[in-house]
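Next come the chains, spelled out residue by residue.
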Amino acid sequence: QVQLVESGGGLVQAGGSLRLSCLASGRTFSTYAMGWFRQAPGKEREIVATITGSGRNTYYADSVKGRFTISRDNAKNTVYLQMNSLKPEDTAVYYCAGRWLWIETILAAKGDYNYWGQGTQVTVSS
């Protein structure tokens, strides 16, 4: 069983930056594919970015490419989402997700993940 705890959300003005963190329990974090998803009110949960266990491979939704960066520190059991040039349309609850995976491959769908955090609110004012 893996527990994921997000932090770092908050209120920021458009054009600002935030860094989200997701701390995972357990001793085999490097074998977990990790992802960040978000859900705005009245909308489906959508992918933001994902990263493989080694951290060598990443995937970004078109809407955040060039603005957001996903990274991980396996020694700290933590995955990060650096968000720059934030826009009001980035406002959502952001969720961390994970799945144990023995191969190095990108998981880009929310159905691929079986562990989820509780979410952290990000609000971008115009």
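Residues numbered from 1 in each chain as written. Predicted model: local features only at pLDDT ≥ 70, side-chain atom pairs only at ≥ 80, totals over all residues. Heavy atoms only, no water.

Student: I'd like to hear about the overall build of the protein chain, residue by residue, with values.
Tutor: Each helix and strand counted, the protein chain has 0 helices and 11 strands in total. Taken from the N to the C terminus, the helices and strands of the protein chain come in the order β-β-β-β-β-β-β-β-β-β-β. At 13 Å, the protein chain has a C-alpha radius of gyration in line with the 14 Å of a compact globule built from 126 residues. In terms of overall dimensions, the protein chain has C-alpha extents of about 40 × 25 × 25 Å along its principal axes. Residue pairs at least 24 apart in sequence account for 61% of intrachain contacts in the protein chain once pairs closer than 6 positions are excluded. Per element, the accessible surface of the protein chain, about 6,500 Å² overall, is 48% carbon and sulfur. On the protein chain, the mean spot of the 13 positive side-chain charges and the mean spot of the 9 negative ones are 4 Å from each other. (Helix = DSSP H or I, 4+ residues; strand = E, 2+ residues; numbered from the N terminus. Rg over C-alpha atoms; globule rule 2.2 N^0.38 Å. Contact = heavy atoms within 4.5 Å. Areas by Shrake-Rupley, 256 points an atom, 1.4 Å probe, with all protein chains shown as cover. Lys, Arg positive; Asp, Glu negative; His and termini not counted. Charge placed at Lys NZ, Arg CZ, Asp CG, Glu CD.)

Student: Residues and numbers for the sheet that holds strand 3 (residues 18-24), please.
Tutor: One open sheet holds the 4 strands; their spatial order is 1-3-8-7, and the pairing between them is antiparallel. Only two strands of the sheet have a single neighbouring strand rather than two, namely strand 1 (4-7) and strand 7 (68-73). For this sheet the average axis-to-axis angle between neighbouring strands, irrespective of direction, equals 15 degrees. (Pairing = 2+ DSSP bridges. Axes fitted to C-alpha atoms, helices over the stretch in contact; angles between N-to-C directions.)

Student: Go over the packing of aromatic side chains with me, naming the residues and quoting the values.
Tutor: Using the criterion set out here, one finds 4 aromatic pairs in the structure. Ring centres 5.4 Å apart and planes at 75 degrees place the aromatic pair Phe 37 and Tyr 113 in the edge-to-face group. In this pair, Phe 37 sits in strand 4 (residues 32-39) while Tyr 113 sits in the loop between strand 9 (92-100) and strand 10 (115-116), placing the two residues 76 residues apart along the sequence. Judged by relative accessible area, Phe 37 falls into the buried class, the value being 1%. Using a relative accessible area of 5% as the deciding quantity, one classes Tyr 113 as buried. Members of the aromatic cluster, connected to one another through ring pairs, are Phe 37, Tyr 113 and Trp 116. Here the basic side chain of Arg 45 rests over the ring of Tyr 95, its NZ or CZ set 3.7 Å away from the ring centre. Sitting over the face of the ring of Trp 116, Arg 45 holds its NZ or CZ atom 4.9 Å from the ring centroid. (Phe/Tyr/Trp six-rings, centres within 6.5 Å; stacked < 30°, edge-to-face > 60°. Buried < 20%, exposed > 50% of the residue type's maximum accessible area, 1.4 Å probe, protein only. Lys NZ or Arg CZ within 6 Å of the ring centre and 35° of its normal.)

Student: Run through the nonpolar core, naming residues and quoting values.
Tutor: Counting residues in hydrophobic clusters, the biggest one holds 29 residues, and the most contacted among them are Met 34, Trp 36, Val 79, Leu 81, Met 83 and Tyr 94. Looking at this core, the elements that each hand over two or more residues are strand 3, strand 4, strand 5 (46-51), strand 7, strand 8 (78-83), strand 9 and strand 11 (120-125). No other element matches the 4 residues that strand 3 contributes to this core. Ala 33, Ala 97, Leu 101 and Tyr 113 belong to the second-largest nonpolar core, a separate cluster that totals 7 residues. (Core = buried A, V, L, I, M, F, W, Y, C linked by side-chain atoms within 4.5 Å.)

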